Amino acid sequence: MAYKIIRSKRKTISLIINDTADLIVRAPMRITNEYVLELIVKKQKWILKKQREVLNRRKIKNQEFIDGEKFWYLGNNYELKRGEYQEITLDRYLFLPNKYTKKELKMLTQWYQKEALEIFFDRIRVYSEITGWKCNKLQLSNAKKQWGVCDNSNNIKLNWRLIMAPLTIIDYVVIHELAHTVEPNHSKRFWEKVAGIMPDYKIKRQWLKDNSKYLNIE
Ligand SMILES: [Zn+2]
């Protein structure tokens, strides 16, 4: 494993993964190279995990909106195609008009939001019919970390970025928020209600935790 060592008058040794995913070791003068190597071997799992996180973050950032870049939609990965198109369309590729040069992010976000609203309305309707739980008003949210929220007037907000996730994951969030219209808190009764509609909801919840970093455009 490659690393760079920086020695100084400091008293403790620390391992740092910088934003290009390189391993930097900051160490006191007296520490031997053998000791450093031993520490790296011992901490290997942590180092690899941190490096992966940094690389994944880099992957979803700095999008250039050029041919071949990948975009998520309902759990599938689509390649971007630029060209003289009239509007954004999704088929075998995600077609992005050349006329949107310099406003790609804005136009693509608007497109995702329009798609999201249509699909979320539909899933709310489907699960309202199944459960009898009623949502007063559905809106999109632009929250950074929250997938959904239901207030005490039964207004539900769903994060538009969920449109990038598979439909079953959207359904989990829809069921979760609809269940809040009858059980406001995350009580045992609440989770029993969710499980009554979606017995494997825990797998969906874990999927969201593991994959949320991919569900974005920047
Ligand atoms: Zn909740």
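Residues numbered from 1 in each chain as written. Predicted model: local features only at pLDDT ≥ 70, side-chain atom pairs only at ≥ 80, totals over all residues.

## A word on the overall build of the protein
Part 1 of the reasoning: On a plain count of helices and strands, the protein comes out with six helices and 10 strands.
Part 2 of the reasoning: Against the compact-globule benchmark of 17 Å for 218 residues, the protein has a radius of gyration of 23 Å, which places it well outside the compact range.
Part 3 of the reasoning: Referenced to the eigenvectors of the C-alpha coordinate spread, the extents of the protein come out at roughly 70 × 55 × 25 Å.
Part 4 of the reasoning: Residues counted as buried form 17% of the 218 residues belonging to the protein.
Part 5 of the reasoning: Restricting the contact set of the protein to residue pairs at least 6 apart, pairs at least 24 apart contribute 42%. (Helix = DSSP H or I, 4+ residues; strand = E, 2+ residues; numbered from the N terminus. Rg over C-alpha atoms; globule rule 2.2 N^0.38 Å. Buried ≥ 20, exposed ≤ 12 C-beta atoms within 10 Å, placed from the backbone. Contact = placed C-beta atoms within 7 Å.)

## Brief notes about the environment of Phe-65
Part 1 of the reasoning: Mapped onto the secondary structure, Phe-65 falls in the loop between helix 2 (44-60) and strand 4 (70-73).
Part 2 of the reasoning: Accessibility expressed as a C-beta count within 10 Å gives 18 for Phe-65, which makes it partly exposed.
Part 3 of the reasoning: C-alpha separation for the pair Phe-65 and Glu-104, spaced 39 residues apart in sequence, amounts to 6.9 Å.
Part 4 of the reasoning: Sequence-distant contacts of Phe-65, that is, excluding residues within four places in its chain, are made with Leu-80, Leu-96 and Glu-104.

## Notes on the sheet that holds strand 8 (residues 137-141)
Part 1 of the reasoning: Strand order in the open sheet made by the three strands is 8-10-9, with mixed pairing throughout. The open sheet has two edge strands with one neighbour each: strand 8 and strand 9 (148-150). Averaged over all adjacent pairs, the angle separating strand axes in this sheet is 15°, with direction ignored.
Part 2 of the reasoning: As paired strands, strand 8 and strand 10 (residues 155-159) are joined by five bridges and run parallel to one another. (Pairing = 2+ DSSP bridges. Axes fitted to C-alpha atoms, helices over the stretch in contact; angles between N-to-C directions.)

## Notes on the packing of helix 4 (residues 167-180) against helix 5 (residues 188-197)
Part 1 of the reasoning: As a packed pair, helix 4 and helix 5 sit with axes 10 Å apart at the nearest point and diverge in direction by 135°. Classed by the angle they form, the pair helix 4 and helix 5 counts as oblique. For the pair helix 4 and helix 5, the sense of crossing is right-handed. Between helix 4, through Ile-175, His-176 and Ala-179, and helix 5, the contact on the second element is made entirely by Phe-190, Lys-193, Val-194 and Ile-197.
Part 2 of the reasoning: Tallied by class, the residues present in the contact of helix 4 with helix 5 amount to five nonpolar, one polar and one charged. (Parallel < 35°, antiparallel > 145°, perpendicular 65-115°, else oblique. Left-handed = near helix turned anticlockwise from the far one by under 90°. Nonpolar A, V, L, I, M, F, W, Y, C, P; charged D, E, K, R; others polar.)

## Description of the nonpolar core
Part 1 of the reasoning: Residues Leu-162, Ile-170, Val-173, Val-174, Ile-175 and Leu-178 are the most contacted members of the largest nonpolar core, which totals 24 residues.
Part 2 of the reasoning: For this core, the elements supplying multiple residues, two or more each, are helix 3 (104-131), strand 10 and helix 4.
Part 3 of the reasoning: Residues within four places of Ile-175 in sequence aside, it is in contact with Tyr-127, Val-194, Ile-197 and Met-198. (Core = buried A, V, L, I, M, F, W, Y, C linked by C-beta atoms within 7 Å.)

## With respect to the domain arrangement of the protein
Part 1 of the reasoning: Each assigned domain of the protein is listed here: domain 1 (4-60), domain 2 (70-102) and domain 3 (108-214).
Part 2 of the reasoning: The interface is formed by six residues belonging to domain 2 together with eight residues belonging to domain 3.
Part 3 of the reasoning: For the side of domain 2 that touches domain 3, the residue count by class is five nonpolar, one polar and no charged. (Domains from an automatic or database assignment.)

## A short note on the pairing of strand 4
Part 1 of the reasoning: Direction of pairing for strand 4 relative to strand 5 (residues 76-83): antiparallel, over a ladder of four bridges. Looking at strand 5, one finds that Lys-70 is bridged to Glu-79.
Part 2 of the reasoning: Adjacent in sequence and paired antiparallel, strand 4 and strand 5 are bridged by two residues, among which Leu-74 carries a positive phi angle near 45°.

## Notes on the sheet that holds strand 3 (residues 23-28)
Sheet strands line up and pair through hydrogen bonds in the backbone, either parallel or antiparallel.
Part 1 of the reasoning: Taken in spatial order, the three strands line up as 1-3-2 in an open sheet, and their pairing is mixed. What marks the edges here is a single partner per strand, and that holds for strand 1 (4-8) and strand 2 (14-17). For this sheet, the mean angle separating the axes of adjacent strands, direction not counted, is 25°.
Part 2 of the reasoning: Sheet topology places strand 1 next to strand 3; five bridges connect them, and they run parallel. When the sheet's bridge partners are listed, Ile-5 is paired in strand 3 with Val-25.

## Notes on unusual backbone geometry
Part 1 of the reasoning: In this structure, Lys-102 takes a positive phi of about 80° despite not being glycine.
Part 2 of the reasoning: Checked against the element boundaries, Lys-102 lands in the loop between strand 7 (94-97) and helix 3.
Part 3 of the reasoning: Unlike most non-glycine residues, Asn-154 shows phi in positive territory, near 65°.
Part 4 of the reasoning: The residue Asn-154 is located in the loop between strand 9 and strand 10 in this model.
Part 5 of the reasoning: For Asn-154, a count of 17 C-beta atoms within 10 Å gives the class partly exposed.

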